[in-house]
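Results of the structural survey
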Amino acid sequence: MTPIAIDIVSDIACPWCAIGYARLEKAMDALKDDMDFTVAWHAFELNPDPSGDGEPILPALSRKYGRSEDEMRANQAQMMDIAKGLGLNFEKLQERHTRNTFDAHRLVKWAGEQGRKTDMKMAFFEAYFGRAENISNPDTLIHCVETIGLDGSQAREVLASDQYAEAVREEEAQYQQAGVSAVPAYIINQKYLISGAQEPDTLINAFREIADSA
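Below is a summary of the structure that appears in this document. (Residues numbered from 1 in each chain as written. Predicted model: local features only at pLDDT ≥ 70, side-chain atom pairs only at ≥ 80, totals over all residues. Heavy atoms only, no water.)

1. Thoughts on the packing of aromatic side chains
All told, the structure shown has 5 aromatic pairs when counted by the stated rule. Ring centres 4.9 Å apart and planes at 40° place the aromatic pair Phe 90 and Phe 129 in the tilted group. Linking Phe 90 in the loop between helix 3 (69-85) and helix 4 (102-112) with Phe 129 in helix 5 (residues 117-131), this pair joins segments that are 39 residues apart in sequence. Each member of the pair Phe 90 and Phe 129 is classed as buried. Ring centres of Phe 125 and Phe 129 lie 5.9 Å apart, and the angle between their planes is 20°; this geometry places the pair in the stacked category. Placement of the pair is Phe 125 and Phe 129 together in helix 5, with a separation of 4 residues, close to one helical turn. (Phe/Tyr/Trp six-rings, centres within 6.5 Å; stacked < 30°, edge-to-face > 60°. Helix = DSSP H or I, 4+ residues; strand = E, 2+ residues; numbered from the N terminus. Buried < 20%, exposed > 50% of the residue type's maximum accessible area, 1.4 Å probe, protein only.)

Spelled out as C-alpha cells, the structure:
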C-alpha cells in the first residue's frame, strides 16, 4: 500500500470545497486497495472580515467578480446540479448570505482532537449550503456539533474563549505564505499541489503518478 497524505486547504463557505471533497472521496474509494490515504483539513477564509457578514450571496458575488447577478445565479445553479449528482445538499445555495467562518474553523480543530474533523466540516457544509444557516452564529455552530454527536456545552465553552484561535491564524498564514490563494487546494505528501475541485478521474491519475514516482 502506497501512503498518500492529503492536506486540504479549504473554507466552509466555499461550495467548490464541498464538491471537491465529494470528488476526492470517489477517487480515494477507487484506489483504496492500492493506496493508504490520510486526510488533514486546514483553514482558509474567503470572508476574513467579521464586520462584512450578512450580505445576500448573489449581489456579493456579482460585485466580487464584476459580473451580473443573473450570471452568478446561473453559475450557482450549475454548482447545485453538480452537487446533486454527488449526493450533496446545496438546496439553499443561492439563498445564503456571506459569512465569516473563523469560529467554525476553531470548532473543526476542536472536533479533530476527537477524531471528527471531517464530520464537522460536512455538517457545516450541510448547514450553510443546504439550509442557508448563519455559520458565524454560535447557536448554529452548536447545533451542527450536536448533530454529529459531540458535546454542545464543550463546544460552547470553546466559542466563548479564544481556544484554537492562534492555531487557525498560524495555519492560514502558513498556507498563504506557501502560495495558496484559492481553495480547495490539496498538498499531496507535502510535495505536490493540486488546485481546484478536480474530477475524480483527474485525481486518480494524479495519485497514480505520485505513487509511481515515490
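More follows now that the structure is in view.
2. Examining the pairing of strand 3 (residues 185-188)
In strand 3, alternate side chains face the same way, and those of Ala 185 and Ile 187 on one face and Tyr 186 and Ile 188 on the other are all buried. Here strand 1 (residues 2-10) runs beside strand 3; their pairing, made up of 4 bridges, is antiparallel. The partner of Val 9 across the bridge, within strand 3, is Ala 185. Bridge analysis of strand 3 against strand 4 (residues 192-195) gives 4 bridges, and the strand direction is antiparallel. Bridged to Ala 185 within strand 4 is Ser 195. Taken together, strand 3 and the strand that follows it, strand 4, pair antiparallel across an intervening segment of 3 residues, in which Asn 189 is found at a positive phi of about 50°. (Pairing = 2+ DSSP bridges.)

3. Points about the nonpolar core
Val 9, Leu 107, Trp 110, Met 120 and Phe 124 are the most contacted members of the largest nonpolar core, which totals 45 residues. Broken down by secondary-structure element, the contributors of at least two residues to this core are helix 1 (15-30), helix 2 (57-65), helix 3, helix 4, helix 5, helix 6 (138-147), helix 7 (152-160) and strand 3. The biggest single contributor to this core is helix 5, with 7 residues. If you look at the next biggest cluster of nonpolar residues, it comprises 20 residues, including Ile 8, Met 35, Ile 204 and Ala 211. (Core = buried A, V, L, I, M, F, W, Y, C linked by side-chain atoms within 4.5 Å.)

4. Regarding the packing of helix 1 against helix 9 (residues 200-213)
The contact between helix 1 and helix 9 brings their axes to 8 Å, and the two run at 50°. Considered as vectors, helix 1 and helix 9 are oriented oblique to each other. The two elements helix 1 and helix 9 meet at a crossing, and its hand is right-handed. Across the interface between the two elements, Arg 23, Leu 24, Lys 26, Ala 27 and Ala 30 of helix 1 pack against Pro 200, Leu 203, Ile 204 and Phe 207 of helix 9. Of the residues assigned to the contact of helix 1 with helix 9, the class counts are 7 nonpolar, no polar and 2 charged. (Axes fitted to C-alpha atoms, helices over the stretch in contact; angles between N-to-C directions. Parallel < 35°, antiparallel > 145°, perpendicular 65-115°, else oblique. Left-handed = near helix turned anticlockwise from the far one by under 90°. Contact = heavy atoms within 4.5 Å. Nonpolar A, V, L, I, M, F, W, Y, C, P; charged D, E, K, R; others polar.)

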